[in-house]
Amino acid sequence: MAARIKADWRDRRIAHPGPYLCLCLDEPTFHAALADCGIKYRPAFMANSHSHATLHFFEHPNGGLVCIVTLGPWAGRTPVEVAGLLVHEATHVWQGYCERIGERHPGDEQMAYGIQAIAQELMQSFAEQTC
């Protein structure tokens with residue numbers, strides 16, 4: 001029997017309750033993450049053919065925000081390029097989280113710390129999945 005593919009759900013520390021956050025490096029892990037949250041809809045792994053990373057927003061059955069970041073083929077990219085893609089998607093996670101809680105004007109430091117925390121979680125997940 002094949003091992004069940006597991007999604008790597010990250011710490012929700014950016015705020016309480018922060019969004020559910022996951023980085024998926026392949027389509028089977030993406031589908032496992034969707035299944036973890038009871039999400040029946042199966043969007044494309046990447047937004048389009050020219051995207052290098054994509055953020056997917058969903059509603060968790062308990063009402064929480066689910067943010068699944070997918071990263072396209074990364075072999076051959078430098079660590080700086082991967083970090084840049086993850087920071088870009090972390091910014092979108094932050095924006096979606098702020099919209100979700102009705103925050104229209106977060107403080108500069110609040111925003112910087114939030115994006116930093118999200119980016120670090122995504123980068124740590126990347127490191128753990130690829131090393």
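You'll find the structure just up there.
A short tour of the structure in this document, coming up. Counting of residues starts from 1 at the beginning of each chain's written sequence and follows it residue by residue. Per-residue local features of the predicted model are confined to residues with pLDDT of at least 70, and side-chain atom pairs are confined, for both listing and counting, to 80 or more; whole-chain, interface and lining totals are unaffected and use all residues. Computation of side-chain values covers all heavy atoms of the structure but excludes hydrogens and water.

1. A few points about the pairing of strand β2 (residues 53-59)
Part 1: Residue exposure (1.4 Å probe, protein chains only): buried if accessible area is under 20% of the type maximum, exposed if over 50%, otherwise partly exposed. We count a stretch as a helix when DSSP gives it H or I for four or more residues in a row; a strand needs E for two or more, and each element gets its number in order from the N terminus. Counting buried positions along β2 yields 5 of 7 residues, so the element is predominantly enclosed.
Part 2: Each pair of strands is called paired provided DSSP finds at least two bridges between the two strands. Where β2 and strand β3 (residues 65-71) come together, 7 bridges link them in antiparallel fashion. Residue pairing in the sheet places F57 in a bridge with C67 of β3.
Part 3: Linking β2 back to β3 in an antiparallel pair, the connection comprises 5 residues, with G63 at a positive phi of about 95 degrees.

2. Brief notes about the packing of helix α2 (residues 79-101) against helix α3 (residues 108-130)
Part 1: For the pair α2 and α3, the least separation of the axes is 8 Å and the interaxial angle reads 130 degrees. Taken together, the axis directions place α2 and α3 in an arrangement best described as oblique. Considering the relative orientation of α2 and α3, their crossing is right-handed. Residues V82, A83, L86, V87, A90, T91, V93 and W94 of α2 form the contact with α3, whose participating residues are Q110, M111, G114, I115, I118, A119, L122, M123 and F126.
Part 2: Here the contact of α2 with α3 is composed, by residue class, of 14 nonpolar, 3 polar and no charged. All axes here are fitted lines through C-alpha atoms, helices being fitted over the stretch that makes contact, and every angle between N-to-C directions spans 0 to 180 degrees. An angle below 35 degrees is read as roughly parallel, one above 145 as roughly antiparallel, one from 65 to 115 as roughly perpendicular, and any other as oblique. Crossing handedness: left-handed means the near helix sits turned counterclockwise from the far one by under a right angle, and right-handed means the same turn made clockwise. What makes two residues a contact is simply this: any of their non-hydrogen atoms within 4.5 Å. Amino acids are sorted into nonpolar (Ala, Val, Leu, Ile, Met, Phe, Trp, Tyr, Cys and Pro), charged (Asp, Glu, Lys and Arg) and polar (every other residue, Gly among them).

3. A few points about the side chain of H60
Part 1: The residue H60 is located in the loop between β2 and β3 in this model.
Part 2: Residue class for H60 comes out buried when judged on its relative accessible area of 16%.
Part 3: Aside from chain neighbours lying at most four places away, what touches H60 is Y20, C37 and V66.

4. A look at the sheet that holds β2
Part 1: Sheet architecture is open: 3 strands sit in the order β1-β3-β2, paired in mixed fashion. Edge strands, defined here as strands with exactly one partner in the open sheet, are β1 (20-24) and β2. Adjacent strand axes in the sheet meet at a mean angle of 20 degrees, parallel and antiparallel pairs treated alike.
Part 2: Here β1 runs beside β3; their pairing, made up of 5 bridges, is parallel. If you follow C24 over to β3, its bridge partner there is T70.
Part 3: Packing of α2 onto the sheet brings it into contact with β1, β2 and β3, and relative to β2 it is tilted by some 25 degrees.
Part 4: Sheet strands touched by α3: β1 and β3. Its angle to β1, the strand with the most contacts, is close to 40 degrees.

5. As for the environment of L71
Part 1: Looking at where L71 falls in the secondary structure, it is placed in strand β3.
Part 2: Spatially, the C-alpha atom of L71 lies 7.5 Å from that of L23, the residues being 48 residues apart in sequence.
Part 3: Not counting the four nearest positions on each side in its chain, L71 is found in contact with L23, C24, L25, F45, M46, H52, A53, V82, L85 and F126.

6. Topic: α2
Part 1: Helix span, as expected, comes to 1.5 Å for every residue beyond the first. Helix length check: α2, at 23 residues, gives a terminal C-alpha distance of 33 Å against a target of 33 Å (1.5 Å per residue), a fit within 8%.
Part 2: Those residues of α2 lying buried are V82, L85, L86, E89, A90, V93, W94, G96, Y97 and C98.
Part 3: Packing partners of the buried residues in α2 comprise β1, β2, β3 and α3.
Part 4: Looking at the residues trailing α2, positive phi occurs at G102, about 80 degrees.

Purely spatial values, then, with no claim about function.
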